[in-house]
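Single-letter residue listing:
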Amino acid sequence: MSEAAENKAAKRKVILTGDRPTGRLHIGHYVGSLRERVILQNSGEFDDIFIMIADAQALTDNWDNPEKVRSNIMNVALDYLSAGIDPEKAHILIQSQIPELPELTQYYMNLVTVQRLQRNPTVKAEIKMRGFSEREESEGTPVGFFCYPISQAADITGFMGTIVPAGEDQEPMVEQTREIVRKFNSIYGETLVEPEILLPKSSSARRLPGTDGKAKMSKSLGNCIYLSDDEKTVKTKVMSMFTDPGHLKVSDPGKTDGNPVFIYLEAFAGDDAPNAKALFEEYAPDYQNLEEMEEHYRRGGLGDVKVKKFLNNVLQETLRPLRERRAEYEKDPDRVMQILKEGTGYAENVAANTLASVKRAMRISYFSV
Ligand code: TRP
């Protein structure tokens, strides 16, 4: 790279992040990542923003159900757009439509050992969860799945991503990417940029539990509140949420720690929520902030129904603008497809440039100078 090009590359700030389209996105995705993406998008600080619908990665553990992945591309696109991702400011793209990514993956595969992949804690946990471990009834781990951290490094570097806003579970992927970048640059010369992960600030936003109090929201457990849920559904789910099982009478002191209702409130009406103050003024004027409400609950005298009603108001208020935007886009699926097509087209150009630099660095561009 020339010095001028190097300076330019060093200064560029590019966001790359994405989601597997295996289901509709829920409020855990919203506080864990979507809300922050929209703030970053609107900060004007970034030279480029790429949001990837990682369908090829989704197929690494859904190869037998491509229809599930296909049908969720539209769902996830609608979730993004309704959350406030603005196609004028961010490129939404479909991973499988960019053949430069698997090509980059192939060259990166030479730089990663099987042993290194086996140590990746997220992959380890997923192998176990999906029953790919070496057991009699299992056929084992598909190679495509095993290698997805390498393909994710191609996703990130392909668009010269420098910032990856994502959850904690993505840390090993970004670390793996950094290792690949360092190795590539040291063997073939300075070409790629090391990315950094950007984690959500608070622990409540990092991992929102299910409505049943289980550690994670998951479709199969039926404990999610979806961004696309209507008002009535959200209310029903909130009112039947798990709370502190020891809090039987209103006058009993209650626990706020580990109480999912309060964890949700921390994420949506705590210090991290941009509109926390207004929410208290409007829906719980007896308290200045969440801390005061929590103290009351711990002291005793504050009933679960009251807290849940407040949470319901908070969620409805937060989701209202999303619902309005979704209704607009839902009316016009062709427009959504056009947004995806344009985002993907733009992204492919960028990935093609990266691939060209990679091949040049490796001195395998035999037919071009
Ligand atoms: N692995 C991410 C997930 O499970 C999805 C993803 C694919 C991604 N490529 C990415 C995230 C690149 C950040 C950067 O949701």
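Quick note: structure is the one above.
Novice: Tell me about the environment of V250, and name the residues and values.
Specialist: You can see V250 is positioned in the loop between α12 (231–239) and α13 (260–269). Here the alpha-carbon distance between V250 and Y108, two residues 142 residues apart in the chain, equals 59 Å. Discounting chain neighbours no more than four positions away, the residues touching V250 are G300, G301, L302 and G303.

Novice: Before we move on, could you go through the environment of E194 and cite the residues and values that matter?
Specialist: Summarising the element assignment, E194 is placed in the loop between α10 (171–188) and β5 (196–198). Judged by relative accessible area, E194 falls into the partly exposed class, the value being 29%. Placed 137 residues apart in sequence, E194 and K331 show a C-alpha to C-alpha distance of 41 Å. Apart from the residues within four sequence positions on either side, E194 is in contact with T162, R178, V181 and R182. At 3.2 Å, the side chain of E194 forms a polar contact with the side chain of R178.

Novice: Which residues make up the site of the ligand, and what are the values?
Specialist: If you check the shell around the ligand, you find 13 residues, and the closest are R20, Q57, Q152, D155 and Q170. Side-chain polar atom of D155 to a nitrogen atom of the ligand: 2.8 Å apart, as the coordinates give it. Starting from 360 Å² of accessible surface for the ligand in isolation, the protein chains cover 91%. Elements that contribute at least two residues to the shell around the ligand include exactly β1 (14–19) and α9 (148–158). Tallying contributions element by element places β1 first for the shell around the ligand, with four residues. Partitioned by chemical class, the residues of the shell around the ligand number five nonpolar, five polar and three charged.

Novice: How would you sum up unusual backbone geometry? Please name residues and give values.
Specialist: Of note, M160 is a non-glycine position whose phi angle comes to about 55 degrees, a positive value. Note that M160 resides in the loop between α9 and β4 (163–165). At R363, a residue that is not glycine, the phi angle is positive and equals roughly 60 degrees. If you trace the backbone, R363 turns up in the segment after α17 (333–362). Exposure remark for R363: the relative accessible area of 70% places this residue in the exposed category.

Novice: Can you break down helix α16 (residues 304–330) residue by residue, with the values?
Specialist: The terminal C-alpha atoms of α16, which comprises 27 residues, lie 36 Å apart, in line with the 39 Å expected from a rise of 1.5 Å per residue. Along α16, the largest kink reaches about 35 degrees and is centred on L319; proline P321 follows within four residues of it.

Novice: Any chance you could break down the environment of S218 for me, citing the residues and the numbers?
Specialist: Position of S218 among the secondary structure elements: in the loop between α11 (203–206) and α12. Residue class for S218 comes out buried when judged on its relative accessible area of 18%. Separated by 51 residues in the primary sequence, S218 and A269 have C-alpha atoms spaced 23 Å apart. If we skip the residues at most four places from it in the chain, S218 touches N223 and C224.

Conventions used here
Residues numbered from 1 in each chain as written. Predicted model: local features only at pLDDT ≥ 70, side-chain atom pairs only at ≥ 80, totals over all residues. Heavy atoms only, no water. Helix = DSSP H or I, 4+ residues; strand = E, 2+ residues; numbered from the N terminus. Contact = heavy atoms within 4.5 Å. Buried < 20%, exposed > 50% of the residue type's maximum accessible area, 1.4 Å probe, protein only. Polar contact = N/O pair within 3.5 Å; in protein donor to acceptor, adjacent residues only side chain to side chain. Near = heavy atom within 4 Å. Areas by Shrake-Rupley, 256 points an atom, 1.4 Å probe, with all protein chains shown as cover. Nonpolar A, V, L, I, M, F, W, Y, C, P; charged D, E, K, R; others polar. Expected span 1.5 Å × (residues − 1). Bend = angle between axes of the 7 residues up to and from the residue.

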